[in-house]
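# Summary of the model geometry
This is what each chain is made of:
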Amino acid sequence: MAGKKELTVVTYRGIFQEVEEALGMYSDGYRDQSALLELDGGDAKAMGLEDEKLILLETASGRVVVTAKVSEDPHPGIAFMPASPWSSQLLSGEVGEGGLMELKRFSATVTPTEGAVTSIEEIVERIRAA
Amino acid sequence: MAFCTGCSLLCDDIEVDFEGAKVKRTLNLCRKGRGHYDSLLVDRLAPAVDGSLVDIDEALSSAAEVLEGREKILLFGWGNSTLAAQKAGIELAKKLGSVIDDPSSYSQGLITEKVLKGELPTCTFDDVRNFADVSIFWGDDPSSSHPRHLSRFSYYPRGEKRQRGYEEDREAIVIDVRKSPTAQIAADGFFKISPGGDADFIEALMAALGGKIPKVEDKKRMLNLGTKLRKAKFGAIFTGLGLAHSLGGDLDAFFSLVGKLNELTRFSVIPTLGDYNTRGFNQTLFDEAGHVNSVSFKDGVDHGPEFGIAKYLDSCDAVMVVGSDPTAVLPAPLAKKLAGMPMVAVGTHRTLTTDGADVTVPIGVAGLEVGGTALRTDGVKVEFDAVVDSDYLPDVEVIERIMEAV
Ligand code: SF4
């Protein structure tokens, strides 16, 4: 049935994102390479999602709208997201038992949505809001 | 030949022709490096106070004013700074009685510190190229983050004892949760683990190395891996953020595995660090204070997680960020705390951090507009010159001038 899903999100760095970052974090290219979530094919199907559709990602810390990318390789229950200001919005800042602040992995609710990808300007505004 | 400071491999074989600051032709630069070179003309930081442009002298004196009279200053960043600027930064921390930290406090600092203490065997990339027959990439995808890692050192090249290169003489093993570009190169050498599954993988590999039956689904494959590693003549392990985070910062199991491997044969560890001179900062602070990050110079030398940015943002009263963009990287609640601080940002380009700073001070891009020295991620020191004309100040001069003014 189409709808929302709770997924484990793991962040990574992509080469195209690295290039776009060097050329400016406020660019459309950087947003296109960062504001995305790689979904397992089965998970995407269960949510009624296709490649390039928009999804809302939510955690207790924040919410962002990004573009869905459906992976060729299976990874059910797990989604991959470039590490960026978009993924940072979803992190809690909690420090784990071993003393390291969690930056790589979190649980998020993923829901198909419409509208527009969250802009970097919106993220900056949220960070600056008291 | 020019250098590239696009990542901590610090490639030294770059040929480049410029027209002004515009790149006309390059040889040997990877895609990321080309982006780094092209960035000379994009989104450069300007001297500013409260968002209004000022001249560099006013920016420097305003920077000193932000810091003066504060009790609990955090000096953060430093991975994209030359060794001279890092040294000056530590002197500034001493003068101000402040805390100094870098992103290694939330990434691979523990591994680097073990290497610097001599408690984790290491080697240089040149040793890897010449001798390594097994390269393990653990939670590490250098094909994306350090694009020439495999071609210059760890997989493809022929070396002194590896004359036949990767086809016959060298094996790549990737342990990761995602089939990354490096994992795709490793093909059959890719071990896919579940998120947070590194501790179980280490346990299974320890069992296989000890001749016991590992508690994993594919026992035969794990036993084969154990045999392969036991038989390696010169193994290298390259660690990424994925390993440290999967283990939640408790790396004892990994350190035990490296110890076990070295009882059987030889394995060295080289952390794949992000910014071009992260290793330099960690080494410089270690030489000065005995720790690679999270150091307070308030009363002599004090060290602990309470002086890492994740915790210290709760109690500090001003921040100076140098060559780093913590606002983009830190979890939202911490980025918000940072945004609420009086802040000076020193850097080459406009970032989310510089946009939130009270004072911004621009510097030249190391290796392109200004010269200096740095440590490659394997600890080898390199010296680079400027290759284009520019009016930007070197980072060391900016830090020294702020130090004179406070
Ligand atoms: S691998 Fe790193 S240092 Fe080498 S050219 Fe690419 S970005 Fe530059």
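Named according to an unreviewed UniProt entry, chain B is Tungsten formylmethanofuran dehydrogenase, subunit B originating from Methanothrix harundinacea.

Named according to an unreviewed UniProt entry, chain A is Tungsten formylmethanofuran dehydrogenase, subunit D originating from Methanothrix harundinacea.

Below, the discussion takes up the domain arrangement of chain B. A common way to express how large an interface is: the accessible area buried when the components associate. Residues and elements named next belong to chain B. Along its sequence, chain B is carved into domain 1 (46–105 + 277–366 + 394–405) and domain 2 (109–271). Between the C-alpha centres of domain 1 and domain 2 the distance comes to 34 Å. Contacts between the two partners involve nine residues from domain 1, matched on the other side by six residues from domain 2. Across the interface of domain 1 and domain 2, roughly 660 Å² is buried in total on both sides, 64% from carbon and sulfur atoms. Sorting the residues of domain 1 by area buried against domain 2 places Arg279, Phe286 and Val292 first, and these three jointly supply 64% of that buried surface. Connecting domain 1 to domain 2 are zero salt bridges.

The α-helix winds at 3.6 residues per turn, so residues separated by three or four positions along the chain end up facing the same way. Residues and elements named next belong to chain B. Counted at 1.5 Å a residue, the expected span for helix α3 (residues 83–96) with its 14 residues is 20 Å, and the 20 Å between its end C-alpha atoms agrees. Among the residues of α3, those classed as buried are Leu83, Ala85, Gln86, Ala88, Gly89, Ile90, Leu92, Ala93 and Leu96. Backbone geometry just after α3 places Gly97 at a positive phi near 65°.

Let us now look at the pattern of salt bridges. Overall, the coordinates contain 30 salt bridges over all chains when judged by the stated rule. The closest approach of N and O atoms between B:Arg350 and B:Asp355, which form a salt bridge, is 2.9 Å.

In this section: the pairing of strand β16 (residues 359–362) of chain B. All names here are of chain B. Along β16, one buried face is formed by Val359 and Val361 and the opposite face, lined by Thr360 and Pro362, is buried too. Bridge analysis of strand β3 (residues 48–49) against β16 gives two bridges, and the strand direction is antiparallel. Across the sheet, residue Ala48 finds its bridge partner in β16, namely Thr360. As paired strands, strand β15 (residues 343–347) and β16 are joined by four bridges and run parallel to one another. Bridge pairing in β16 places Gly347 opposite Pro362.

Reading the values: the criteria
Residues numbered from 1 in each chain as written. Chains lettered and ligands numbered in written order. Predicted model: local features only at pLDDT ≥ 70, side-chain atom pairs only at ≥ 80, totals over all residues. Heavy atoms only, no water. Domains from an automatic or database assignment. Contact = heavy atoms within 4.5 Å. Buried area = accessible area lost by both parts, 1.4 Å probe. Salt bridge = Lys/Arg side-chain N within 4 Å of Asp/Glu carboxyl O. Helix = DSSP H or I, 4+ residues; strand = E, 2+ residues; numbered from the N terminus. Expected span 1.5 Å × (residues − 1). Buried < 20%, exposed > 50% of the residue type's maximum accessible area, 1.4 Å probe, protein only. Pairing = 2+ DSSP bridges.

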